[in-house]
Amino acid sequence: MTNPLNLLSLDDLRRRTSMKWRHFAPDVLPLWVAEMDVPLAEPIVRAVGQALAIGDTGYPEGTAYAEAFTAFAGERWGWRFDVQASSNIPDVMGGIAEILKLVTEPGAVVVVNSPVYTPFYRYVEHMGRRVIEAPLGAGQRIDPETLERAFAAAAASRRGAAFLLCNPHNPTGTVHSREELAVVAGLAEHHGVRVLADEIHAPIVHCESAHVPYLSLAGTERAFAMLSASKGWNLAGLKAALVVAGADAAGDLERLPQEVRSGPSHVGLIAHVAALRDGRAWLDRLLSGLDQNRRLLGELLADQLPGAVYSPPAGTYLAWIDCRALGLGEDPAAVFLERGRVALSSGPRFGTGGAGHVRLNLATSPEILADAVARMASAIR
Ligand SMILES: Cc1ncc(COP(=O)(O)O)c(C=O)c1O
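The structure reproduced in this document is the subject of the present report. Please read all numbers here as calculations on a predicted model, not as lab measurements. (Residues numbered from 1 in each chain as written. Predicted model: local features only at pLDDT ≥ 70, side-chain atom pairs only at ≥ 80, totals over all residues. Heavy atoms only, no water.)

Turning to helix α14 (residues 366-380), a few remarks are in order. The terminal C-alpha atoms of α14 lie 22 Å apart, and with 15 residues this matches the ideal 21 Å at 1.5 Å per residue to within 8%. Residues of α14 that are buried: Ile-368, Leu-369, Ala-372, Val-373, Met-376, Ala-377 and Ala-379. (Helix = DSSP H or I, 4+ residues; strand = E, 2+ residues; numbered from the N terminus. Expected span 1.5 Å × (residues − 1). Buried < 20%, exposed > 50% of the residue type's maximum accessible area, 1.4 Å probe, protein only.)

Structure (structure tokens):
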């Protein structure tokens, strides 16, 4: 069984023109933004190729994406959703912005669990809402007391409070348990906080953990979930995503304007549907390659950067590394970039809890991963 992470050389990858490969100078090894160093899964290439061959490049129609996703979710997570209570959206972050517009007023407070995906801050601020952080607690897990305080403060704003749940969590790779999510649901109901669960990383959960879809829990009827095949199959450039409403949020979703619903790329939808329907064996091969990489990273760090603290992520292909003992200051990624010519994501950009950390993208070959750690080590010599 071929590991998709082993198929592309550095020369192949440097031909790419996407952000990961073009943002930094050519002597920098990029392991930052969430793009994967894999060729596309064969069923996706076939489906998109067929569409191009017959000029099927118009506007999207229908519910094929939601149908493919609910079947995938049923098989993988034992959860199916009502296709009628979902909508296509162009991408997850755009969908979050639109839902915030529907369920909160300008000036509302939006709670996030820092450290968290940087655009959570940027999009909320762009929408004229205000972020309150509820930092993750011990073991990078949601701390109910901290969350409750943040929910109470958000509800006090009286402009409609919301919570952006990241499930699984970027950048720490935390996979929230059913019990933890039940606590979140209880607190959200109690304080009248609308939950938007970003589940874009859900297809990438490793064998010892299990993804629990937020909407599968009782008490989440007023919540929304954002789903996409874009992380699992590396389709960010083929834009498409889905928003699913809980039973009591379907009325809100009906107010989502047609211009948002018809925003995804038709070819993007074809690619995502092919991934979910016919790309499951490929996803399993990817997961097994990522599993090897998350262990390999532990060995490489122990050997060459013993001061770095790292636990293999339970979900996502992102590794969150605590570099505080290395004496590289607030932003070790800046030092690794300047001295080691390796690009990682800068910890402080993920908010409170990010200082002294870096995020490393594991979705690459073992050779590139080894080169990256060697470059990191060279930066501290
Ligand atoms: C948690 C999270 N949400 C959303 C996104 C971006 O999704 P989209 O491109 O669909 O907006 C990412 C990308 O890495 C992510 O990590």
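With that settled, the discussion passes to the site of the ligand. Near the ligand, the surroundings consist of Ala-34, Asp-91, Val-92, Met-93, Tyr-117, Cys-166, Asn-170, Asp-198, Ile-200, His-201 and Lys-231. In the environment of the ligand, an oxygen atom lies 2.8 Å from a nitrogen or oxygen atom belonging to the side chain of Asn-170. Considering the ligand on its own, with 400 Å² of exposed area, one finds that the protein chains cover 91% of that surface. Tallied by class, the residues present in the shell around the ligand amount to six nonpolar, two polar and three charged. (Near = heavy atom within 4 Å. Polar contact = N/O pair within 3.5 Å; in protein donor to acceptor, adjacent residues only side chain to side chain. Areas by Shrake-Rupley, 256 points an atom, 1.4 Å probe, with all protein chains shown as cover. Nonpolar A, V, L, I, M, F, W, Y, C, P; charged D, E, K, R; others polar.)

This part takes up the layout of surface pockets. In this structure, the largest pocket encloses a volume near 1300 Å³. Considering the residues around the largest pocket, the lining is formed by 47 residues, among which Met-19, Val-33, Ala-34, Tyr-117 and Lys-231 are closest to the centre. Breaking the lining of the largest pocket down by element, the ones donating at least two residues are α5 (92-103), α6 (119-126), α13 (332-340) and β12 (345-346). For the lining of the largest pocket, the per-class residue count stands at 26 nonpolar, 12 polar and nine charged. Put simply, the second largest pocket is a space of about 390 Å³. (1 Å grid on protein atoms, 1.4 Å probe; cavity = no way out; pocket = protein on both sides within 12 Å on 5 of 7 lines; lining within 4 Å. Points joined across faces, edges and corners; volume = space filled by probe spheres on them.)

Once that is clear, we can look at the nonpolar core. Core analysis: the biggest nonpolar cluster contains 68 residues, and Tyr-214 and Trp-233 have the highest contact counts within it. In this structure Tyr-214 touches Leu-165, Asn-167, Leu-181, Val-184, Ala-185, Ala-188, Val-195, Ala-197, Glu-199, Thr-220 and Ala-223, once residues within four positions along its chain are discounted. With 31 residues, the next largest nonpolar core counts Leu-13, Leu-300, Leu-360 and Ala-379 among its residues. (Core = buried A, V, L, I, M, F, W, Y, C linked by side-chain atoms within 4.5 Å. Contact = heavy atoms within 4.5 Å.)

Looking now at the pattern of salt bridges. Counted according to the given criterion, the structure contains 16 salt bridges. Two residues, Arg-194 and Asp-252, come together in a salt bridge whose shortest N-O distance is 2.7 Å. A residue pair is termed long-range when its members are at least 10 positions apart, and Arg-194 in strand β6 (residues 193-198) and Asp-252 in helix α9 (residues 250-254) qualify at 58 residues. Accessibility assignment for this pair places Arg-194 and Asp-252 in one class, buried. With its nearest N and O atoms 2.7 Å apart, the salt bridge here joins Arg-324 to Asp-322. Overall, Asp-322 belongs to the buried group, its relative accessible area being 14%. Residues joined by salt bridges that share partners form a network here, namely Glu-75, Arg-76, Arg-280 and Asp-284. (Salt bridge = Lys/Arg side-chain N within 4 Å of Asp/Glu carboxyl O.)

Within the secondary structure, Asn-170 sits in the loop between β5 (161-166) and α8 (178-191). With a relative accessible area of 3%, Asn-170 lands in the buried category. Reaching out from Asn-170, the side chain makes a polar contact with the side chain of Arg-359 at a distance of 3.0 Å. If sequence neighbours within four positions are ignored, Asn-170 has contacts with Pro-115, Val-116, Tyr-117, His-201, Leu-318, Phe-350 and Arg-359.

Structurally, Arg-339 is set in helix α13. Here the alpha-carbon distance between Arg-339 and Val-111, two residues 228 residues apart in the chain, equals 36 Å. Polar contacts involving the side chain of Arg-339 include one to the main-chain carbonyl oxygen of Ala-379, which spans 2.8 Å.

On to the pairing of strand β2 (residues 86-89). In β2, alternate side chains face the same way, and those of Ser-86 and Asn-88 on one face and Ser-87 and Ile-89 on the other are all buried. By the bridge criterion, four bridges tie β2 to strand β8 (residues 241-245) in an arrangement that is antiparallel. When the bridges of β8 are listed, Asn-88 appears paired with Leu-242. (Pairing = 2+ DSSP bridges.)

Looking now at the sheet that holds strand β10 (residues 318-322). Taken in spatial order, the four strands of this open sheet run β9-β10-β13-β12, and their pairing is antiparallel. Sheet topology places β9 (309-310) and β12 at the edges, where each strand pairs with a single neighbour. Both β9 and β10 contribute to a ladder of two bridges, which runs antiparallel. Paired with Tyr-310 across the two strands is Ile-321, which belongs to β10.

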